[in-house]
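Read off the chains here:
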Amino acid sequence: MISLDLKDFSLTYKKLGATAILIEWPQIISEEILTDILSFQSSIEKSTPSGLIELVSAYASLTLIFEDTKDIESITKELKALYTARISNPSNNKTWVIPVCYEEQFGIDLQEISSALKLSKQEIIDLHISQSYRVHFIGFLPGFLYLGGLNGKLHCPRKETPRLEIKKGSVGIGGSQTGIYPIASPGGWNIIGSTPIPLFDNSKSHPCFVSPGDTIKFESIDQLTHDQIIREVEQGSYTPKAEIL
Amino acid sequence: MSVIEVLSPGLYTTVQDRGRIGYRAFGIPVSGSMDQLSADLGNKLLGNDSNAPVLEITMVGPKLLFQDKANIAITGADLSAQVNGELLKTNTIVCINSEDVLSFGKLKYGCRAYLCIQNGFDVPAHFGSCSTYEKAQLGLPVLKKGMKLHYQNNSNLNFHQNSRIKPSSFLFKENTIAVIPGPEYNLMNEKFLSETFEITQDSNRMGYRLNGMLGFSHSKSILTSSVMPGTIQLPPSGNPVVLMRDCQTTGGYPRILQVTEMGINILVQKKPGDLIKFRLVD
């Protein structure tokens, strides 16, 4: 299957230390680039270049990490050929519904950003749950999803003084991004709610149920439901809700 | 299974091996021994696999009670290791008897020592590694008083009991760190390579924060992209951060330089207050 819908980008190949190659797309955040990265990644994975131990994708880059020092010229030649021959990644991307409790106990910065953005708390919640968010990659912390698509009305500067600890599951807005803290961490985002479901589970060999290319939707739940889901997660009876696109 | 009881934990003592390979796409750092050369030498002396879990000891050592015999080797920084109060030879195999107490004293050189044990410490693995990564509760927690460490005692030495290594003084005296250009090398001020930097107190397994005399402040950022242990990030403040073994997988500051593997092993033996320079190689 030769796909005609893939646009060829002009890529650059650079060394990142002695054992890694950094492939860069035009440095912008776009779903078209995301799709192209995932397609190239999948064709690299299928061709299994010798000594490749892992691949790390980001907004507009893909890093190949090798066991040993690589000759950049020969590997670049190999990669360029793979890029030309790549095919569109079959879409098995999922849409996940992430329950979030936006009540006062969890949405500790809702009041503050409501004043700053001149929107009521309910308007902020409605805007936050009305969008779909594409997962571009996982980074920064184990299980931290880099999401695109935050409504411009919700863009809001990070807090001047970061908190020393933000609780696991906290949902926040920082600048033009929204995201979920998968584990407790210091952080400067404005916290608007909390999800009871684990985005990172260190007891599983595949610790994140969400993958790059998937889509996230938030669903507002009350505290009773939040606490109920916490219990289900603890008992191991909770399954994240997904719909195949 | 033989047991070691932690009588006191030291400043920051963790179990490390060669780290988690293949999980960066989930945002999981590599971790592993900061000075992989020293950890490796200790494991080699004992005839262990190079991935055998060791204890990484930072500046102030723990006090450990061995409930059984053990063959150990201590490499890396010199923290005046002692058994029952008697100074102990390092960089060689030492036989510990049951009820012996291993402790540490004054830091003579370096920053991190490695306590290696025959067969390695027996620690549950997460994602293919026994390394402690505190933030996500992977591996054993950082050592605490009362904790028990386990190992498989095997008093038959199947290696040369008298083998010794001579630690290269180069590792501990050298203060010029070898670097190669990073992806955003073109954003670096050339004076950076002639500057002397001080290692600040705010330096740990995630990163070494440096202060220089000259200002390298700027206003450039990059779209969040991959970083690796050894990546030198230059935040707008102009004070560089050298990312270390527990570093995040991605970052948004320009990656001006990349420290070589040997450079990382040398740098992690420097402590806050030490002065370093960078030297561009090849």
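Residues numbered from 1 in each chain as written. Chains lettered and ligands numbered in written order. Predicted model: local features only at pLDDT ≥ 70, side-chain atom pairs only at ≥ 80, totals over all residues.

Engineer: Before we go on, may I ask you to explain the overall build of chain B in this structure?
Structural biologist: Summing up its helical and strand segments, chain B has 3 helices and 20 strands in all. Relative to the compact-globule value of 19 Å for 282 residues, chain B shows a C-alpha radius of gyration of 19 Å, a close match. Each principal axis of the C-alpha distribution contributes one length, and for chain B these read about 60 × 35 × 30 Å. Considering only contacts within chain B whose residues lie at least 6 apart along the sequence, 76% involve residues at least 24 apart. (Helix = DSSP H or I, 4+ residues; strand = E, 2+ residues; numbered from the N terminus. Rg over C-alpha atoms; globule rule 2.2 N^0.38 Å. Contact = placed C-beta atoms within 7 Å.)

Engineer: When you look at the overall build of chain A in this model, what are you seeing that I'm missing?
Structural biologist: A tally of helices and strands in chain A yields 5 helices and 14 strands. The globule rule puts the C-alpha radius of gyration for 245 residues at 18 Å, and the 20 Å found for chain A is close to it. For chain A, the spread of C-alpha atoms along the three principal axes comes to 55 × 40 × 35 Å. Taken over 245 residues, chain A has a buried fraction of 38%. Considering only intrachain contacts with a sequence separation of at least 6, the fraction spanning at least 24 residues in chain A is 66%. (Buried ≥ 20, exposed ≤ 12 C-beta atoms within 10 Å, placed from the backbone.)

Engineer: Honestly, the pairing of strand S12 (residues 190-194) of chain A in this entry has me stumped. Any pointers?
Structural biologist: Two faces make up the sheet, and in a regular strand the side chains alternate between them. Residue and element names in this part refer to chain A. Counting buried positions over the 5 residues of S12 gives 5, a clear majority of the element. Note: strand S9 (residues 170-174) against S12, 4 bridges, orientation antiparallel. Looking at S12, one finds that glycine 172 is bridged to isoleucine 191. (Pairing = 2+ DSSP bridges.)

Engineer: How do you make sense of the interface of chain A and chain B when you look at a structure like this?
Structural biologist: By a widely used convention, the size of an interface equals the accessible area lost when the partners come together. Residue-level contacts link 31 residues of chain A with 24 residues of chain B. Listing elements by their share of the side of chain A that touches chain B, those giving two or more residues are strand S2 (20-24), strand S3 (52-58) and strand S4 (61-66) of chain A. Per-element accounting of the side of chain A that touches chain B gives the leading share, 5 residues, to S3 of chain A. Residues of the side of chain A that touches chain B, tallied by class, amount to 21 nonpolar, 8 polar and 2 charged. (Nonpolar A, V, L, I, M, F, W, Y, C, P; charged D, E, K, R; others polar.)

Engineer: I keep staring at the environment of histidine 226 of chain A and nothing clicks. Help me out?
Structural biologist: Residues and elements named next belong to chain A. Structurally, histidine 226 can be placed in helix H5 (residues 223-235). Taking the C-alpha atoms as reference points, histidine 226 and serine 194, 32 residues apart in sequence, are found 8.7 Å from one another. Setting aside anything within four residues of it in sequence, one finds histidine 226 in contact with Cys101, Pro196 and Ile221.

Engineer: What is the right way to read the domain arrangement of chain B from this model?
Structural biologist: All names here are of chain B. If you check the domain split of chain B, you get domain 1 (2-170) and domain 2 (174-280). Summarising the inter-unit geometry, the C-alpha centres of domain 1 and domain 2 are found 27 Å apart. Elements represented by at least two residues in the side of domain 1 that touches domain 2 include exactly helix H1 (36-45) and strand S10 (109-117). Looking at which element gives the most residues to the side of domain 1 that touches domain 2, the answer is S10, with 3 residues. In terms of residue class, the side of domain 1 that touches domain 2 is built from 9 nonpolar, 6 polar and 3 charged. (Domains from an automatic or database assignment.)

Engineer: Got a minute to help me understand the domain arrangement of chain A in this structure?
Structural biologist: Residue and element names in this part refer to chain A. When the domains of chain A are assigned, the result is domain 1 (12-85) and domain 2 (94-244). Distance between the C-alpha centres of domain 1 and domain 2: 30 Å. Every contact between the two is made by 7 residues of domain 1 and, on the other side, 8 residues of domain 2. Among the elements that make up the side of domain 1 that touches domain 2, the one with the highest residue count is helix H1 (residues 31-47) (3 residues). Classifying every residue of the side of domain 1 that touches domain 2 by side-chain character gives 5 nonpolar, 1 polar and 1 charged.

Engineer: How do you make sense of the nonpolar core when you look at a structure like this?
Structural biologist: Nonpolar side chains tend toward joint burial in soluble globular proteins. Leu145 of chain A together with Leu115, Cys116, Val242 and Leu267 of chain B are the most contacted members of the largest nonpolar core, which totals 129 residues. Ranked by residue count, the leading element in this core is S10 of chain B, at 6 residues. Those residues in contact with leucine 267 of chain B that sit more than four places away from it in its chain are Ile177, Tyr208, Val242, Val259 and Ile276 of chain B. (Core = buried A, V, L, I, M, F, W, Y, C linked by C-beta atoms within 7 Å.)

Engineer: Would you mind going over the sheet that holds strand S7 (residues 86-87) of chain B with me for this structure?
Structural biologist: Across a sheet, paired strands are connected by hydrogen bonds in the backbone, their directions being either parallel or antiparallel. All names here are of chain B. Read from one edge to the other, the open sheet built from 6 strands follows the order S7-S6-S9-S4-S1-S11, with strand pairing classed as antiparallel. Bordering the open sheet on either side are S7 and strand S11 (148-151), each of which pairs with just one other strand. Summarising the sheet, strand S1 (residues 2-8) and strand S4 (residues 63-66) pair through 4 bridges and their orientation is antiparallel. When the sheet's bridge partners are listed, glutamate 5 is paired in S4 with leucine 65.

Engineer: What is the right way to look at H5 of chain A in this model?
Structural biologist: Residues spaced three or four apart along an α-helix face the same direction, because each turn holds 3.6 residues. With 13 residues, H5 of chain A ought to run about 18 Å at 1.5 Å a step, and its terminal C-alpha atoms sit 18 Å apart, in line with that. Glycine 236 of chain A sits one or two positions beyond H5 of chain A and adopts a positive phi of about 80 degrees. (Expected span 1.5 Å × (residues − 1).)

Engineer: For this particular structure, what's the right way to read the sheet that holds strand S19 (residues 255-259) of chain B?
Structural biologist: All names here are of chain B. In spatial order, the strands read S12-S19-S16-S17-S14-S13-S20; together these 7 strands close into a barrel with mixed pairing. Neighbour-to-neighbour, the strand axes of this sheet turn through a mean angle of 40 degrees, independent of strand direction. Bridge count between strand S16 (residues 231-233) and strand S17 (residues 241-243): 2 bridges; the pairing is antiparallel. For glutamine 233, the partnering residue across the bridge sits in S17 and is valine 241. (Axes fitted to C-alpha atoms, helices over the stretch in contact; angles between N-to-C directions.)

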